[in-house]
Amino acid sequence: MLYLDLVMYIHSLSAETKIIIFQLSFLTFEIAYFFWLRKYFNEEEKRIREYYR
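Residues numbered from 1 in each chain as written. Predicted model: local features only at pLDDT ≥ 70, side-chain atom pairs only at ≥ 80, totals over all residues. Heavy atoms only, no water.

Topic: a nonpolar patch on the surface
What counts, and what does not: Two distance rules govern patches: like charges are joined within 9 Å, and nonpolar side chains (Val, Leu, Ile, Met, Phe, Trp, Tyr) within 5 Å, applied only to residues with over 30% relative accessible area and no salt bridge. Areas reported here follow the Shrake-Rupley algorithm with a probe of radius 1.4 Å; residue values treat only the protein chains shown as occluding. Criterion for a salt bridge: a side-chain nitrogen of Lys or Arg within 4 Å of a carboxyl oxygen of Asp or Glu. To qualify as a helix, a DSSP run of H or I must reach at least 4 residues; to qualify as a strand, a run of E must reach at least 2; elements of each kind are numbered from the N terminus.
The grouping of Phe-22, Phe-26, Phe-29, Tyr-33, Trp-36, Tyr-40 and Phe-41 at the surface amounts to a nonpolar patch, some 830 Å² of accessible area in total. By the element assignment, Phe-22 lies in helix H2 (residues 15-52).

Given below as structure tokens:
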């Protein structure tokens with residue numbers, strides 16, 4: 001039910017507001033993905049350094 005209410009609310013917004021919401025959502029996803037990748041590659045680098053020591 002909550003999902004349906006959210007869809008109806010977003011549908012009632014203007015196109016500009018929908019675009020801004022989409023862009024902010026995508027930006028949030030990109031920032032989270034960036035930090036996840038940074039953490040992942042830092043761990044990989046540590047593992048490789050330990051392997052070749």
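Next comes the rest of the write-up.
Description of the packing of aromatic side chains
The relation between two aromatic rings is expressed through the spacing of the ring centres and the mutual angle of the planes. We count it as follows: What counts as a ring pair is set by centres within 6.5 Å for rings of Phe, Tyr and Trp (its six-membered ring), and what kind of pair is set by the plane angle: stacked under 30 degrees, edge-to-face over 60, tilted for all other angles.
Throughout the structure, instances matching the rule amount to 8 aromatic pairs. Here the aromatic rings of Phe-22 and Phe-26 are separated by 6.3 Å at their centres, their planes lie at 20 degrees, and the arrangement is stacked. Here Phe-26 and Phe-22 lie together in helix H2, a separation of 4 residues that amounts to about one turn. Ring geometry for Phe-29 versus Tyr-33: centroids 6.0 Å apart, planes at 10 degrees, classification stacked. With Phe-29 and Tyr-33 both in helix H2 and 4 residues apart, this pair spans about one turn of that helix. Members of the aromatic cluster, each reached through a chain of ring pairs, are Phe-22, Phe-26, Phe-29, Tyr-33, Trp-36, Tyr-40 and Phe-41.

A few points about the pattern of salt bridges
Rules: Burial status follows relative accessibility: with a 1.4 Å probe on protein chains alone, a residue under 20% of its type maximum counts as buried, one over 50% as exposed, and anything between as partly exposed.
Under the defined criterion, the tally for this structure stands at 2 salt bridges. Two residues, Arg-47 and Glu-44, come together in a salt bridge whose shortest N-O distance is 2.8 Å. Here Arg-47 pairs with Glu-44, and both are found in helix H2, just 3 residues apart, close to one helical turn. Of the residues examined, Arg-47 reaches a relative accessible area of 54% and is grouped as exposed. The salt bridge involving Arg-49 is made with Glu-45; its shortest N-O contact spans 2.6 Å. With Arg-49 and Glu-45 both in helix H2 and 4 residues apart, the pair spans about one turn of that helix. On the basis of relative accessibility, which here comes to 36%, the residue Glu-45 falls in the partly exposed class.

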